[in-house]
Each structure stands twice: as C-alpha cells, then as structure tokens.
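So you can see what is in the structure, the chains are spelled out below.
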Amino acid sequence: MKIDRRSFISLGVGVIVGSTLTPVPWKLTDDISIWTQNWPWTPVPKDGPDSYKTSVCTLCPGGCGIRVRKIVDRAVKIDGLPEHPVSQGKLCPLGHSGLQFLYGPSRVKAPMKRVGKRGEGKWQKITWEEAISAVTGKLKELRDEQKPHTVAWVAGDDRGTLPQLIYRFLTAYGSPNFIRPPTVQDAYELAAYLMQGQQGTVGFDIENADHVLSFGTGLFQGWSSPARMLSIYGKMHDNKKFVQIEPRLSDTAAKAHQWVPITPGTEGALALGIAHVMIRESLYNEAFVSKWAFGFEDWTDDSGKRHMGFKNLVLKDYAPEIVAEITSVPKPMIEKLARQFARAKKPIAVSGRGQGHLPGSLDECMAVHALNALAGNINQPGGVSVVAEPDYAKWPEVNIDKTASKGLQNARVDGAGSDQYPNARFLLHRLPEVINSTKGDSPVQALLVSDANPLYTLPDTQATKAALDKIPFLVSFSSFMDETASYSDYILPDHVFLESYSDVPTPPGTVQPVIGLSKPVVRPQYDTRPVGNLVIQMAKAMGSFVEKAFAWKDYQAYLKDALKDHWDQLEKKGFAFIKGPQDIPFTDQFNTTTGKFEFYPSARNNANGKDKDILPNFTKVAIEGESGQLPLILVPYDSIRLAGGEIGNPPFMTKTIDETVLLDQTVFVEINPKTARKMGFFEGDRVRLSTPRGQAEVKLHLYEGVEPGVVAMPRGFGHTAYSKYLTDKGVNFNKLIGPIEDPMSGLNAAWGIRANITKA
Ligand code: SF4
C-alpha cells in the first residue's frame, strides 16, 4: 500500500483510511468475549442454574458497569451494564477479559516469602500471620530507630477510599511518602490548578462538543474511560468533527475526520500558533476573555512593573510561519485548524499523548488549556471542567505521636512539594535517580507497593531495578506475579476486583462525577486478602497511635462508613451521582488570586519572574541522545489491544495483536519506508534498536503512517514476569527510555528518545 503522507491531511482520505486500517472495535469485543473461554485453565462449566451479578470493572480507572453471568458459582462471562452512566453498556477488550485475571495462571495464590535471591523466583508459602508479622516487624523496627520517613508506599491511585486508608496509615506511622505513579492527570491537574485555582481531575465534555482538537491524545486507544470513548466513537459522525494531531497515524488518527502529522514534541507550539490566528483574526470569545480572564492583555502589578500578557506573547512569537518551521505543519493548515476550531459552536481541545500513562509537559498542557479559554468553553457544556474530589470520607484527624510528627517533617523522597517543585504532588519517576545517587544507605528503607508495578512501568527499567536493589525491604500486594512482585521480599496478595468491594471514583477525563461500587461476584478463589483489610490489620498489629487511627474492624466496614450517604443506592444500582461542576455557580469556579481564569497564573510566579516562564509558552522538551550517532527518534504508541500500565495483557488480547506488531516473541517497530530505504532496510528485517538507555532486537514494519526519521514502538510488551502467555514477548519500551524532567513542574515530560538501528 502506498499512501502519500500529505494526502492523509484531507478529511475524505482520513475517513477512508480510518475504516480500512482500523478494526471495528465492536467486532473485536464480540470475538473477545468468545475467545476468553478457550483457554486450558477455563473448564467447561458444570450444568446448573445461571445467575447474573452487577458490579464495576476496576481494571483501569474507567470504572465501567459490568454484568457477570455465573453458572452455579463460576463466573462465565462479563458484559457491559447498559444503565451505567459512563460506559452505557460498553466494555473495552480488557474489561471483557476480566475472567482471565480471576482464573488466570499468573495469580499469586497465597502469601509468599522470598527464599532465593531477588528475582530468582524461589518462594516459600507462609501464613497470613507470618506475613503480617514480617511486615509490621520491619516497620516497627524502623519506627523504633526514628526512621518512619524512610518508608514509602507506591499506590496505584490517590483517589478513592483505599488510597485514603493507606495515606492515613502512613500519617499515623510518620511517613510523608505516599506516592502515586505518573499519569497525564498530573499535567492536567497542575494546569487547572495554576490557571483556575481548582484542585481535581479535569473533565472533557466530549459528548457535547461539536469539534474535538486532540493534540496526540489516544482518544480511541484507551484514554480516560475507553468504553465511554468507544461509545462516543459510535456516534461521532452524527454531530462532531475529530481532528487528531500527532506524528503517527494511530488508531485514533485513522478514526478521526482529519489527521495532521507533526514533528514529535512540538504540539505545544502548534497550540500557540492556533492561538495566534484566533487572536489576530479576533476569532476568540471576547466576552469570556474580557470578563473572566486575567493576563490576556499586558498588565501592571502593584509595584508598577509592566508584565507581558498572553496576547502579546503569542502575537510576537507564534506567527504561523514561525510555528510551521517548528512543527512541520504548513502555515495554511495552522490557519485552517484555528478557523475551524474557533468557528465551531462547541469546540474543545485535549492534550496528552496516548492512553495517558505519562504526565507530559506542563507548558504543552497549559497551551492547549489556553485554547479552551480562548474558545470560552471553561466550565461550559461541551467544554472543560475541573471535577473536585468527592469528600465522602470525612474522618477525624489522625492523632500522631512525637515519632510520627518528626517523621512527617521530613521532605518527601520524590521531591514533590519541595522548593524546587512546589506544585507537584507525586514524582515517582524521580525516585530511582534519588535512590541511585544517594551515597550510603538508601533514603527508602522499606517500600510497599499496591496496585502498581514500577519495575515495569517506570522509565529506565535498569535504573529502577538498581534502585530496588538498594532498598532493603520490598513488599508487594499484587494479585499477580508481576515484575515488582517477583522482585519483592514478601508478597501479600490482594483479591482481584471480582472478589472484593471497592469504590471507584469518577473516571478521569469525564465531567459527570459518579462513584461506582465494585462488589464481589464470586467467592475468593485463593488464599488472598483485600489490601484495605491488610492496612487495618497491619495498623492493629503496630499498636500505639497507629492502631488508634483505625476504628474499623475491616475495609468493608470502613468503606460502608465512608459511603454511608450513598451506600444503599450503590448496593442496588452499582453507581451514584455526586455533586459536580454543574452544581457550582459559574462565578465560584475560579479560585485564583484574581477570581478569574489566569492566562498568567499568579501561583506560577517563579524566582526569576520572567513573564515568558509564567505564561503558557513553548520550550522544546530536550530529547536524550546525540543526533550524529543516533539519527532516529523512537516514540511509543498505545493500542486498545495492549494493556500498557501495571496490569499485564491478558492472553486472549495478545492473540488479537496483528502479525505486523508481534510475531512469535518478536515485536515490530514502525519506520517510514523512505527512512528504511535510505538506511538500506526492508520489511521484516531483524535489527538492533539502540538508545542511550538500552538495546533490543526487533523487526521492522515499513509504515507510511509514521513520520520520516521516527521509529514507533508499541507499549505493553516485554514483560519479564506474569505467565508463559506474556513473558518475553517483545520489548518493554521503558527499557529504552529514561525520564526527562520538566524543569517547571518536575513531571516526566519525555516523549521520545534518540535511537539508531543496525543489522542484528
Ligand atoms: S474501560 Fe477500563 S473499566 Fe471499562 S471495561 Fe475497560 S478496563 Fe474495565
């Protein structure tokens, strides 16, 4: 197939390509629900009565409603729950696979103690009493030595009751180190905090928008609530236009009405170029900007100092001809994108690459958010809103003793909240470097990990492993033998979501706040315990002030207490609506110093006080590597058929992968045919892919949908743990890339790395 790169830009071709290159998701999910049954560990169920139980899927933050069919006591199929307000009866392939997580071969079936070397795979089964006593014994020892601050807990999320329970445990114990893995929400949240003064997740009302301008977001590849997005995709031709800006013809780009290729890492500059045209041609919402925005025009502070506003910056520095040079998007296209966006009735701009497992650049996020402000769609139907966290868990403050008080006065080990990164909440990607660069004892003496798999998901796997080697005590609460669990000293296995209760907070990216309740639909299959119960049991075993902070007998009692106002409805329906942005008067929605949307965020004031560092601006995030020896740029891509986060791909989803992505054990990287020809390579060639962080053997797939000079690799392969269905298939992208710190926020803003390919 030969497709001219620029021809993709036109609307018509984009749609045709979308339907020919992209599998129809409904067919895929239908096949999947059949294939889930065809595995050796899935016996044909005995004859018996069937029944249905409703719950919520927690395999990603999407929180889709599910309906599980059971025959006698065995779950045999998972379907979507039609009445669920977010997923509306849809499920993604991962959700359909839930039973493979329940019955699959990679589950940890009982508490385990490592008996061989770390990672050697030699384990001894122990009792729960022994497991809890081993962990609390170590924690007590560190507290007795006045080192509670050397304990860190990496939890999968910071929202919902379980993270609050863990946070409470650490507070009573004396550690400030509750850390969550990075996601795109970090950049969204920080941009919204700086520009709107509100803390919360950011919701994009794509359902009610009529023009969606996406700066690389994998809208149909697993972003936000994937089932919600597939539902929107089903209706997208009725009333809206999707424009996808990204360097690769992804599934989202192929499904969009228009794909705009761009030089990777320059999306923020394009947003500012679009802003330039909107301002120059007076296409922005003047009513919103003049009444509700601050920092658009130049302004004078109380000391009489003049400051540059957003308008002046953008008009001076981001003319389309300048932006065309930076981005390789032609000037007429930049102007067209701006006019299309500005003339739509309800346009919305979305930033963040792929599924959103990486936080991205704060400046890029702010530049895209500024476009939404120019369109006047902040806190409007079809626009962007900040969704505050529900405060349903209202517990009395934790009473702490002297040891805890002293421990909590220590700086966080990841540097979040420090003078250098005052606005950051979690910076897990910094932890390996912090530990590895410390001479002597590691600043983390005990690491506990739940619902996370940092040894697989953090950039620079080798550095992460070296850091874990320096931590003397490592505990995993994983249900599965994942990379971090298999490298731990103890595993205290959690139930999986079909076996236990948990609340599911509003899915990130959605506007309507809704809580879901995940419920047990089958009895626990193995000797596992919910992490929430373990936190309470550990607190009680710790005694003293730690125990006193936990009045509940178990996690279910705690959960019921937290959700008391909603419990009956949650039990009955599985979800409950809570107060959201639409319930807050518009006038109360900007909590900034000026009470307005701030193009010039007062909270971002920095030491050097340069206006250009405070306004949304484009600073190209540095890329690691030297172009002479490494002439290519390696970028990752996400697929809805690949779980790229802490959860490993279920076996049947791996079966759905195309042979141009994975063949046997080898992963393909995509390269433009022109680049391949220039370097003397052909389709299917086996090559060595090298970056400054590592090397891997891969095969080449020649693909005109990737920009010349770029190599694209799927995320989600290269597991070294789990089961034979996943281990050693392909390459983990994180082995080949390291973090690049965004100097203003501390977030990891790496979007790619320099690379080379040579004959293997
Ligand atoms: S989108 Fe997330 S929550 Fe919904 S079915 Fe898929 S994995 Fe489960």
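Residues numbered from 1 in each chain as written. Predicted model: local features only at pLDDT ≥ 70, side-chain atom pairs only at ≥ 80, totals over all residues. Heavy atoms only, no water.

## Structural notes on the sheet that holds strand β17 (residues 446–450)
Sheets are built from strands that pair by backbone hydrogen bonding, the pairs being arranged parallel or antiparallel. Taken together, the seven strands give an open sheet; going across it, the order is β5-β4-β19-β18-β17-β6-β7, and neighbouring strands pair in mixed fashion. Each end of this open sheet is capped by a strand with a single partner; those strands are β5 (123–125) and β7 (178–179). (Pairing = 2+ DSSP bridges. Helix = DSSP H or I, 4+ residues; strand = E, 2+ residues; numbered from the N terminus.)

## Things to note about the side chain of T403
With respect to the helices and strands, the residue T403 is situated in helix α16 (residues 402–408). Setting aside residues no more than four positions away along its own chain, T403 makes contact with R143, Q146 and P148. (Contact = heavy atoms within 4.5 Å.)

## A look at the site of the ligand
Close to the ligand lie C57, L59, C60, G62, G63, C64, L91, C92, L94, G95, P226 and A227, which account for all nearby residues. Looking at the shell around the ligand, the elements that each hand over two or more residues are α3 (93–96) and α8 (226–239). (Near = heavy atom within 4 Å.)

## Brief notes about the packing of aromatic side chains
Applying the stated criterion to the full structure yields 29 aromatic pairs. Consider the rings of F550 and W552, whose centres lie 6.3 Å apart with planes at 75 degrees: the pair is edge-to-face. By relative accessible area, which is 3% here, F550 ends up buried. A connected cluster of aromatic rings, assembled from ring pairs, spans W153, F169, Y173, W395, F477, F550, W552, Y555 and Y558. (Phe/Tyr/Trp six-rings, centres within 6.5 Å; stacked < 30°, edge-to-face > 60°. Buried < 20%, exposed > 50% of the residue type's maximum accessible area, 1.4 Å probe, protein only.)

## What about the sheet that holds strand β3 (residues 74–80)?
Taken together, three strands build an open sheet; the order of strands is β1-β2-β3 and the sheet is antiparallel. Of all strands in the sheet, those bounded by a partner on one side alone are β1 (50–56) and β3. The mean inter-strand angle of the sheet, taken between neighbouring strand axes irrespective of direction, is 30 degrees. Summarising the sheet, β1 and strand β2 (residues 65–71) pair through seven bridges and their orientation is antiparallel. The residue bridging S51 from the neighbouring strand is K70, located in β2. (Axes fitted to C-alpha atoms, helices over the stretch in contact; angles between N-to-C directions.)

## Some remarks on the pattern of salt bridges
Going through the model one piece at a time under the given rule, you end up with 36 salt bridges. R228 is paired through a salt bridge with E207; the nearest N and O atoms lie 2.8 Å apart. Here E207 lies in the loop between β8 (201–204) and β9 (211–217) and R228 lies in helix α8, a separation of 21 residues in the sequence. Of the charged contacts, one joins K311 and E297 as a salt bridge, the two residues approaching to 3.4 Å between their closest N and O atoms. (Salt bridge = Lys/Arg side-chain N within 4 Å of Asp/Glu carboxyl O.)

## Some words on the packing of helix α10 (residues 267–280) against helix α15 (residues 362–374)
Helix-helix packing is characterised by the crossing angle of the two axes and by the distance between the axes. For the pair α10 and α15, the least separation of the axes is 8 Å and the interaxial angle reads 25 degrees. With respect to their mutual orientation, α10 and α15 come out roughly parallel. Crossing angle aside, the handedness with which α10 passes α15 is left-handed. Across the interface between the two elements, E267, G268, A271, L272, I274, A275, M278 and I279 of α10 pack against E364, A367, V368, L371 and L374 of α15. (Parallel < 35°, antiparallel > 145°, perpendicular 65-115°, else oblique. Left-handed = near helix turned anticlockwise from the far one by under 90°.)

## As for the environment of L374
Note on placement: L374 falls in helix α15. According to the relative accessible area criterion, L374 is buried, its value standing at 0%. With 95 residues separating them along the chain, L374 and I279 place their C-alpha atoms 8.4 Å apart. In this structure L374 touches A275, M278, I279, Y284, N285, V289, F296, F310 and F599, once residues within four positions along its chain are discounted.

## Brief notes about the packing of helix α6 (residues 161–173) against helix α23 (residues 555–562)
Viewed as axis vectors pointing N to C, α6 and α23 meet at an angle of 110 degrees, and their least axial separation amounts to 11 Å. With respect to α23, the axis of α6 lies roughly perpendicular. The chirality of how α6 crosses α23 is right-handed. Packed against α6, whose contacting residues are T161, L162, Q164 and L165, the element α23 presents Y555, Y558, L559 and A562 at the interface.

## Points about the confidence of the model for the protein
In regions of low pLDDT, the predicted coordinates are not meant to be interpreted in detail. Per-residue pLDDT for the protein averages 90, and the proportion of residues at 70 or more is 94%. Confidence drops under a pLDDT of 50 for residues 1–26, and excluding neighbours within four residues, the segment shows 49 contacts in the predicted structure. (pLDDT = per-residue confidence, 0-100.)

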